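Given next are the chains, with one letter for each unit.
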Protein chains: 2
Amino acid sequence: MDRRQQKTRAAIFAAFSTLLAEKNYSKITVQEIIDTANVGRTTFYAHFETKDELLKALCENLFSHIISSALDCTHTHGLYSEKSAPQSVFCHLLQHLQEDEHNILELLSCESSEIFLRYFKDSLNELIQNQFVNQNRKNNIEIPQDFLVNHISSSFVEMVLWWAKGQKKQSPEQLDQYFRAVIEPIL
Amino acid sequence: MDRRQQKTRAAIFAAFSTLLAEKNYSKITVQEIIDTANVGRTTFYAHFETKDELLKALCENLFSHIISSALDCTHTHGLYSEKSAPQSVFCHLLQHLQEDEHNILELLSCESSEIFLRYFKDSLNELIQNQFVNQNRKNNIEIPQDFLVNHISSSFVEMVLWWAKGQKKQSPEQLDQYFRAVIEPIL
DNA sequence: TTTGATAACAAACATTTTGTTCTCTTTTAT
DNA sequence: ATAAAAGAGAACAAAATGTTTGTTATCAAA
């Protein structure tokens, strides 16, 4: 890929992230983005058809690493099922988030966080869904699997949001402990 | 209040709801709203400063009844604490939602649902927070109260969303049973 | 039932944003 | 060195926003 393309793409992403941290997505104009990124109008539209496409691309950029690494983790350790697993997938995810290479947490606690949360949740949902195949519960009441999957993934995402909004006072390990405490009893 | 004001207000709300069911909030223009509601441009801006204000007003309209009725419920029965309570607050809420006087569920499963979900969640959070005063847990691990409150309210809201997206196949009573199964073990 | 006040309307307006279309210049890969 | 690709800059139509102005319809109360 052309080095110029990489640069402008990165510049647009950076500008967009900066703006997102400042104000709501819907209030951000293409004009502001290209001013901040210091690229021409034509250039922007050469890269992204619309502002929505840019957002989608940013989401994919942000979560591709973190989710794929989580996927590897589930392949080797399983979700929470295998007690011998040295680290749960969730703890792994939380550690990744804390490192926060790409300011994900900032975006997750910004005004437009809903968009990212939805994307995050959908990714997680898929992840957990795959893990749940052929897994039977100990509990007596019959609960639909997709209900449980939805419960777990959304609980995790909302916990992350709660964490980010509270200035990340807890360590990933501590959070993981909390999460286990509310999730493991129902598995 | 002037009858004319009531009518136009209702017309704008109705038009807005219709449009929200069709397309994303951000794509809806004031022009479309006033065309659908069949009111003049000036009239719209006399009632609502911006589109965002309209959304906020709609949210307040939608949730005020349902939340206040839930509040009464907690005053008499408590959250889930009192075993003698004939009906949990959550079951009560679900029944209200199923009746769906104001198309709340349709909005909760539409493209812009995040906005309503956030509003719904904040209301619930407050509700549950108040219930949690002086309530101690049986579990051994120490979990912060606001973590638990957040977990419960967001779990409930996400369950409702899951329910609405799945065409409401379950009865409120059944849903309540599922919810108890995943929440009561941690109380 | 008249009357003063209020609400809605229609049309026009400047302004902003969007997305496109040019031409021209710079950079890249080979 | 050169052809191909990418960006800059300006200008454009179209659409949306929010405001203003003058006029008409409706209401509530005397």
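Residues numbered from 1 in each chain as written. Chains lettered and ligands numbered in written order. Predicted model: local features only at pLDDT ≥ 70, side-chain atom pairs only at ≥ 80, totals over all residues. Heavy atoms only, no water.

Engineer: Could you give me a rundown of the protein's contact with DNA strand C, with the residues and numbers involved?
Structural biologist: Around DNA strand C lies a shell of 19 residues, among which A:Tyr45, B:Gln5, B:Thr8, B:Gly40 and B:Thr43 are the nearest. Near the protein, within 4 Å, the atoms of DNA strand C are sugar or phosphate in 62% of cases. Between DNA strand C and A:Arg41 there is a distance of 2.9 Å, counted from a base nitrogen to a side-chain nitrogen or oxygen. Contact between DNA strand C and B:Thr43: a phosphate oxygen at 2.8 Å from a side-chain N or O atom of the residue. Listing elements by their share of the surface near DNA strand C, those giving two or more residues are α1 (3–22), α2 (30–37) and α3 (41–47) of chain A together with α1 (3–22) and α3 (41–47) of chain B. Considering only residue class, the surface near DNA strand C consists of three nonpolar, ten polar and six charged. (Near = heavy atom within 4 Å. Polar contact = N/O pair within 3.5 Å; in protein donor to acceptor, adjacent residues only side chain to side chain. Helix = DSSP H or I, 4+ residues; strand = E, 2+ residues; numbered from the N terminus. Nonpolar A, V, L, I, M, F, W, Y, C, P; charged D, E, K, R; others polar.)

Engineer: Can you tell me about the interface of chain B and chain A, naming the residues and giving the values?
Structural biologist: On the side of chain A, 32 residues touch chain B, which itself brings 31 residues to the contact. Taken together, both faces of the contact between chain B and chain A bury some 2700 Å²; the carbon and sulfur share is 64%. Ranking the residues of chain B by area buried against chain A places B:Phe147, B:Glu158 and B:Trp162 at the top, with a combined share of 23%. Taken together, the connections running from chain B to chain A amount to five salt bridges. Note that A:Glu158 and B:Lys121 form a salt bridge whose closest N and O atoms lie 2.9 Å from each other. Broken down by secondary-structure element, the contributors of at least two residues to the side of chain B that touches chain A are α7 (113–131), α8 (145–165) and α9 (172–183) of chain B. The leading source of residues in the side of chain B that touches chain A is α8(B), at twelve residues. (Contact = heavy atoms within 4.5 Å. Buried area = accessible area lost by both parts, 1.4 Å probe. Salt bridge = Lys/Arg side-chain N within 4 Å of Asp/Glu carboxyl O.)

Engineer: Can you break down the side chain of B:Ser112 residue by residue, with the values?
Structural biologist: All names here are of chain B. Along the chain, serine 112 turns up in the loop between α6 (104–108) and α7. In this structure the side chain of serine 112 is engaged in a polar contact, spanning 2.7 Å, whose partner is the backbone nitrogen of tyrosine 25. Filtering out sequence-adjacent residues up to four positions away, serine 112 remains in contact with Leu20, Lys23, Asn24 and Tyr25.

Engineer: Please give an account of the relation of the copies chain B and chain A that cites residues and values.
Structural biologist: Rotating chain B by 180 degrees and translating it 0.1 Å along the rotation axis places it on chain A, where the RMSD comes to 0.1 Å. Look at the turn and shift together and you get a two-fold axis relating the two. Of the residues that chain B buries at the interface, 100% are likewise interface residues in chain A, meaning the two copies contact each other through the same surface. (Least-squares fit on C-alpha atoms with pLDDT ≥ 70 in both.)

Engineer: Please provide a residue-by-residue account of the domain arrangement of chain A, values included.
Structural biologist: Residues and elements named next belong to chain A. By the assigned domains, chain A splits into domain 1 (1–49) and domain 2 (55–183). In this complex, domain 1 contributes ten residues to the contact, which on the side of domain 2 involves eleven residues. Buried area between domain 1 and domain 2, summed over both chains or domains, comes out near 870 Å², and the portion from carbon and sulfur atoms is 69%. By the criterion of area lost to domain 2, the three top residues of domain 1 are Phe13, Leu20 and Tyr25, representing 49% of everything that side buries. Linking domain 1 with domain 2 are zero salt bridges, by the criterion used here. The interface formed by domain 1 and domain 2 includes one residue pair in polar contact (both at pLDDT 80 or more). Grouping the amino acids of the side of domain 1 that touches domain 2 by side-chain chemistry returns six nonpolar, two polar and two charged. (Domains from an automatic or database assignment.)

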